[in-house]
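# Descriptive analysis of the structure
These are the residues of each chain, in order.
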Amino acid sequence: MESVDPSRDFLKDVKRIVIKVGTAVVTRQDGRLAVGKLGALCEQIKELNSLGYEVILVSSGAVGLGRQRLRYRKLVNSSFADLQKPQVELDGKACAAVGQSSLMAIYDSLFSQLDVTSAQLLVTDNDFRDKDFRKQLNETVKSLLALKVIPVFNENDAVSTRKAPYEDSSGIFWDNDSLSALLALELKADLLVLLSDVEGLYSGPPSDPQSKLIHTYIKEKHQNEITFGDKSRVGRGGMTAKVKASVHAAEAGIPVIITSGYAAENIIKVLRGQRIGTLFHKDAHKWAPVKEVDAREMAVAARDCSRRLQALNSGERKQILLKIADALEANEKEIRTENEADVVDAQEAGYEKSLVARLVLKPGKIASLANNIRTIANMDDPIGQVIKRTELADGLILEKTSSPIGVLLIVFESRPDALVQIASLAIRSGNGLLLKGGKEAKRSNAILHKVITEAIPDTVGGKLIGLVTTRAEIPELLKLDDVIDLVIPRGSNQLVSQIKSSTKIPVLGHADGICHVYIDKSANLEMARRIVLDAKIDYPAGCNAMETLLVHKDLADKNWFNDIIVDLRTEGVTLYGGTKASSLLNIPQARSFHHEYSSLACTIEIVDDVYAAIDHINLHGSAHTDSVVAEDHEVADAFLRRVDSAAVFHNASTRFSDGARFGLGAEVGISTSRIHARGPVGVDGLLTTRWILKGSGQVVDGDKAVSYTHRDLTAT
């Protein structure tokens with residue numbers, strides 16, 4: 001869920017890249033080469049090469065590979081008596097000599113499979129003291145790159161004059177991190193990428209849950225704040241060496257990004273400008289804020305404010321909502337102006353019509369939203385309601401009461417009106433809230449958030465509702481299962497699926513709105529016509545719009561069937577058919593029955609009876625909303641009982657599946673989950689329960705000290 005980071009716009013001009021891959025990335029825990037990781041790396045380099053990038057590779061791993069091979073050779077050549085003696089550590093230079101040829105053989109084999117040529121270049125730090133060497137190095141690399149050959153550099157540890165290359169840090173460079181920085185400068189690279197075994201630079205050891213990924217390194221801010229963990233398990237430097245090399249290169253004008261060598265296509269993602277890893281840049285202090293957005297602080301602040309909100313009485317919480325409703329109407333002109341700018345940008349960007357339709361705040365929408373908020377404000381206070389009251393024993397009373405869930409994270413696309421609905425429901429239910437809207441609605445969301453939070457009194461705090469401004473913050477928020485209690489995604493199937501697979505936090509919502517209308521042979525056909533047209537035409541982009549029309553086979557040869565086809569086409573609806581309908585009507589066959597059009601299009605199929613319709617819906621539907629039009633009450637009852645959806649209707653349009661229309665005031669979304677809330681989720685769906693026990697000194701004492709009555713007092 002990474003997003004493009006505007007501070008990385010410079011990456012679009014990058015042509016020459018130095019990529020350094022460390023020992024921890026190219027080897028497994030047992031010291032053997034990780035061929036799969038190396039293969040994936042080579043495939044990325046192949047793609048970059050074909051896209052016109054000039055790629056220079058600096059690879060560690062030779063010493064580790066050589067040590068593993070020499071240990072095996074020593075074992076094979078040792079007698080049993082030799083093995084009983086204390087084992088002497090192998091000479092590092094000998095390991096380097098053996099490992100280097102093996103490492104290059106593997107690179108050569110992998111690149112050859114990809115129709116790419118590689119070249120080996122071994123250097124020592126003394127070489128760089130020679131001006132003629134540096135000149136020749138540039139000429140050689142220039143020639144190789146012109147031929148699309150991949151130069152693979154490594155320090156020639158086998159003949160290095162340093163006696164202890166793993167400890168001696170004297171000289172021009174002291175490990176492959178500093179070598180890669182030196183080469184980036186010497187060869188005038190546009191970017192240096194250091195691949196690590198973690199996602200980037202953290203504020204503390206990556207294994208510490210409190211450590212945070214630093215997206216942009218600012219020397220003035222971070223150099224005294226970072227606590228480094230252990231050194232690399234197999235290489236020389238670990239993160240300390242990478243940061244030192246990165247700072248040196250960045251100060252000399254070469255941008256550096258430290259990122260994971262384990263994640264798929266990370267180098268390509270970096271070059272697309274996605275906000276992954278840690279960026280080092282000489283101008284970082286100019287365009288990065290002194291205090292980065294902190295996902296945890298945002299969530300903790302929302303929780304603190306929610307507790308202050310819960311401490312208010314019902315009347316005080318009601319007044320907050322009424323002030324928000326008034327503020328929306330007072331600022332309608334400014335809100336409409338920002339929304340219109342979003343709509344123009346979306347149209348110019350070529351967004352789908354269905355998305356643009358959801359983006360628009362139509363005339364009267366602000367007034368409608370304000371009235372919905374007033375409806376919510378005037379509802380009975382949902383917090384602290386006694387759901388069940390039980391006398392456990394004489395003088396020992398247990399109450400099950402309604403309680404806020406805590407902190408909600410809502411991720412939604414397009415619809416800015418969703419922000420208002422969700423915020424009002426969160427306030428009424430006493431929850432803290434973090435909101436992430438789509439980038440296409442950024443102006444609308446920003447002004448609506450400003451208007452709402454300014455209406456919240458200081459006694460509660462505007463941080464009750466946090467607005468997440470970039471998708472880059474979402475991955476961090478999804479990790480915070482200790483401070484965020486529920487995630488509600490509202491958007492595409494892809495969005496919902498991504499979030500579900502990326503978090504341990506409970507997720508409430510629906511991925512698709514594949515709603516059906518079944519017309520039975522007993523239906524009042526004029527009623528059926530009105531319902532079908534409304535379900536499809538009223539708001540095609542809505543998740544409660546009809547996507548599939550099922551028609552009883554006895555109606556297939558009736559005039560009504562032809563008339564409804566004509567009516568739908570007259571309204572601009574594109575028709576697709578199932579096997580039977582496509583043949584009968586001569587329309588294109590639908591690629592899948594499990595498809596949400598979200599536009600003026602729908603699928604039509606003919607079914608044998610209500611039971612065939614039920615089977616079709618349960619197989620191909622999304623358990624959102626489905627409707628039957630029938631005068632036969634046995635048919636209707638069978639449909640209502642057996643269709644396994646969150647909302648099932650009889651003789652009514654699927655468009656009624658909406659929180660406001662249900663009298664909930666608004667909705668935070670529609671849930672197709674079977675646990676907790678289901679269907680349109682209003683205030684009640686944002687509540688959980690807790691137990692209050694009131695006693696008079698009772699103790700358990702092995703259940704000898706109390707006589708249980710378990711008397712239900714709920715009605716008294």
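Our structure's up above, just so we're on the same page.
As a starting point, this report considers the structure included with it. The model shown is predicted, which means the values in this text are computed figures rather than measured ones.

### Focus on the overall build of the protein
- When helices and strands are tallied, the protein shows 25 helices and 24 strands.
- Principal-axis analysis of the C-alpha atoms places the extent of the protein at approximately 90 × 80 × 65 Å.
- For the protein, with 716 residues in total, the buried portion stands at 53%.
- In the protein, 74% of the contacts between residues at least 6 apart in sequence involve partners at least 24 apart.

### Thoughts on the sheet that holds strand E24 (residues 708-712)
- Strand order in the open sheet formed by four strands is E23-E10-E9-E24, and the pairing between neighbours is antiparallel. Because the sheet does not close on itself, it has two edges, and the strands there are strand E23 (687-694) and E24. Pairwise comparison of adjacent strand axes, ignoring direction, gives a mean angle of 25° for this sheet.
- Bridge count for strand E9 (residues 386-393) against E24 is three bridges, and the pairing is antiparallel. Paired with alanine 393 across the two strands is tyrosine 708, which belongs to E24.

### Notes on the pairing of strand E3 (residues 118-123)
- Pairing geometry for E3 and strand E4 (residues 150-155), over six bridges, is parallel. From the neighbouring strand, alanine 119 faces E4, where its bridge partner is proline 151.

### Considering the pattern of salt bridges
- A full pass over the atoms with the stated rule returns 31 salt bridges.
- A salt bridge links arginine 529 to glutamate 526; the nearest nitrogen and oxygen atoms lie 3.7 Å apart. Here arginine 529 and its partner glutamate 526 are both found in helix H21 (residues 525-537), three residues apart, which amounts to about one turn of the helix.
- The class for arginine 529 is partly exposed, based on a relative accessible area of 31%.
- Residue glutamate 526 is classed as partly exposed on the basis of its relative accessible area, which comes to 44%.
- Among the ionic contacts, a cluster of salt bridges with common partners joins Lys20, Asp177 and Lys242.

### A few points about helix H22 (residues 559-570)
- An ideal rise of 1.5 Å per residue puts 16 Å on twelve residues; H22 measures up with 16 Å between its terminal C-alpha atoms.
- Those residues of H22 that sit buried are Trp560, Phe561, Ile564, Ile565, Asp567 and Leu568. Buried residues of H22 fall within an arc of 160° about the axis and therefore sit on the same side. In this structure, H22 carries Asn559 and Thr570 as exposed residues pointing more than 90 degrees from its buried face.
- Contact partners of the buried residues in H22: strand E15 (515-519), H21, strand E16 (546-552), strand E17 (574-577), helix H23 (579-585) and strand E18 (601-607).
- A positive phi of about 90° marks glycine 572, the residue just after H22.

### With respect to the sheet that holds E3
- Pairing is mixed in the open sheet, where eight strands are placed in the order E3-E4-E2-E1-E5-E7-E8-E6. Since the sheet does not close on itself, it has two edges, and those belong to E3 and strand E6 (216-217), each with one partner.
- Here strand E2 (residues 54-59) runs beside E4; their pairing, made up of two bridges, is parallel. Paired with valine 58 across the two strands is phenylalanine 153, which belongs to E4.
- Across the sheet, helix H5 (residues 92-113) lies against strand E1 (16-21), E2, E3 and E4, angled at about 155° from E3, the strand it touches most.

### Thoughts on the packing of helix H3 (residues 62-76) against H5
- Look at H3 against H5: their axes get within 6 Å of each other, and the N-to-C directions meet at 105°. On the basis of their axis angle, the class for H3 and H5 is roughly perpendicular. Contacts from Ala62, Val63, Leu65, Gly66, Arg67, Arg69 and Leu70 of H3 reach H5 at Gly92, Ala94, Cys95, Ala96, Val98, Gly99, Gln100, Ser102, Leu103 and Ile106.
- When grouped by side-chain class, the residues that make up the contact of H3 with H5 number ten nonpolar, five polar and two charged.

### Concerning helix H14 (residues 332-348)
- Taking 1.5 Å of rise per residue, the 17 residues of H14 would be expected to cover 24 Å, and the 24 Å separating its terminal C-alpha atoms lies within 8% of that figure.
- All of the buried residues in H14 are Ile335, Asn339, Asp342, Val343 and Ala346. Here the buried residues of H14 occupy an arc of 100° about the axis, which is enough to place them on one side. Exposed residues lying more than 90 degrees from the buried face of H14 are Lys333 and Glu348.
- Buried residues along H14 sit in contact with helix H13 (314-330), helix H15 (353-359), helix H16 (365-377) and helix H18 (442-454).
- A positive phi of about 80° marks glycine 350, the residue just after H14.

### Notes on unusual backbone geometry
- Within the chain, serine 598 stands out as a residue other than glycine whose phi angle is a positive 55°.
- Within the secondary structure, serine 598 is located in the loop between H23 and E18.
- If you check the backbone angles, alanine 623 has positive phi at about 60° while not being a glycine.

### Some points on the nonpolar core
- With 51 residues, the main nonpolar core has Leu328, Ile410, Ile427, Leu433, Leu435 and Ile465 as its most contacted residues.
- Per-element tally for this core: the top contributor is helix H17 (residues 417-429), with eight residues.
- Among all residues touching leucine 435, those that are not within four sequence positions of it are Ile410, Phe412, Leu419, Ile422, Ile465, Gly466, Leu467 and Val468.
- One finds Leu110, Phe111, Val116 and Ile267 within the second-largest nonpolar core, a separate group that totals 36 residues.

### Remarks on the environment of arginine 661
- With respect to the helices and strands, arginine 661 occurs in the loop between strand E20 (647-650) and strand E21 (669-671).
- With 305 residues separating them along the chain, arginine 661 and valine 356 place their C-alpha atoms 23 Å apart.
- With residues up to four places along the chain from it excluded, the contact list for arginine 661 reads Asp538, Asn544, Arg655 and Phe656.
- There is a polar contact of 2.9 Å between the side chain of arginine 661 and the backbone oxygen of arginine 655.

### Looking at the environment of leucine 550
- Within the secondary structure, leucine 550 sits in strand E16.
- Given a relative accessible area of 0%, leucine 550 falls into the buried group.
- Residues leucine 550 and valine 628 lie 78 residues apart in sequence; the distance between their C-alpha atoms is 9.3 Å.
- When sequence neighbours within four positions are dropped, the list of residues in contact with leucine 550 reads His516, Val517, Tyr518, Ile519, Glu605, Val607, Ala613, His616 and Ile617.

### What about the environment of alanine 40?
- Within the secondary structure, alanine 40 is located in helix H2 (residues 35-50).
- Using a relative accessible area of 39% as the deciding quantity, one classes alanine 40 as partly exposed.

### Quick look at the packing of aromatic side chains
- Applying the stated criterion across every chain yields a total of six aromatic pairs.
- Centroid distance tyrosine 217 to phenylalanine 280: 4.7 Å. Interplanar angle 25°. Geometry classified as stacked. Here tyrosine 217, found in strand E6, pairs with phenylalanine 280, found in strand E8 (residues 278-280); they are 63 residues apart in sequence, far enough to count as distant. Assigned by exposure class, tyrosine 217 and phenylalanine 280 land together as buried.

### Describing the pairing of E15
- Where burial is concerned, most of E15 is hidden: five out of the five residues are buried.
- Side-chain alternation along E15 places Cys515, Val517 and Ile519 on one buried face and His516 and Tyr518 on a second face that is also buried.
- In this sheet, E16 lies alongside E15 in parallel orientation, the contact comprising five bridges. Opposite tyrosine 518, over in E16, you have leucine 550 as the bridge partner.
- Of the crossover connections in this fold, the one passing from E15 over H21 to the parallel E16 is right-handed.

The rules behind the values
- Per chain, the residues get numbers from 1 upward, laid out in the order the sequence is written.
- Residue-level local features of this predicted model are given only where pLDDT is at least 70; pairs of side-chain atoms are given and counted only at 80 or more, and the full residue set underlies all totals for whole chains, interfaces and linings.
- To get the side-chain values, take all heavy atoms of the structure and skip hydrogens and water.
- Numbering goes from the N terminus for both helices and strands, where a helix is a DSSP run of H or I of at least four residues and a strand is a run of E of at least two.
- Whether a residue is buried, partly exposed or exposed follows from its accessible area with a 1.4 Å probe, protein chains only, as a fraction of its type maximum: under 20%, in between, or over 50%, in that order.
- Contacts are assigned to residue pairs that have any heavy atoms within 4.5 Å of one another.
- At least two DSSP bridges between two strands are needed for those strands to be called paired.
- The angle between two axes is taken between their N-to-C directions and runs from 0 to 180 degrees, where each axis is a line fitted to C-alpha atoms and a helix contributes only its stretch in contact.
- A side-chain nitrogen of Lys or Arg and a carboxyl oxygen of Asp or Glu constitute a salt bridge if their distance falls within 4 Å.
- For a helix, the expected span equals 1.5 Å multiplied by the number of residues minus one.
- To obtain the arc, one takes the directions from the helix axis to the C-beta atoms.
- With respect to orientation, any angle under 35 degrees is reported as roughly parallel, any angle over 145 as roughly antiparallel, any angle of 65 to 115 as roughly perpendicular, and every other angle as oblique.
- Side-chain classes follow a simple rule in which Ala, Val, Leu, Ile, Met, Phe, Trp, Tyr, Cys and Pro form the nonpolar group, Asp, Glu, Lys and Arg form the charged group, and the remainder, Gly included, forms the polar group.
- In plain words, nonpolar cores are sets of buried Ala, Val, Leu, Ile, Met, Phe, Trp, Tyr and Cys residues tied together by side-chain atoms within 4.5 Å.
- Under this definition, polar contacts are N or O atom pairs within 3.5 Å; protein pairs additionally need one hydrogen-donor-capable and one acceptor-capable atom, and for neighbouring residues in sequence, both atoms have to be side-chain atoms.
- Pairing of aromatic side chains here covers Phe, Tyr and the six-membered ring of Trp, requires ring centres within 6.5 Å, and sorts the geometry by plane angle: under 30 degrees stacked, over 60 edge-to-face, intermediate tilted.
- Looking down the strands as they point away from the viewer, one classifies a crossover as right-handed if the path from the first strand across the helix to the second runs clockwise.

Purely geometric stuff here, so don't read any function into it on its own.
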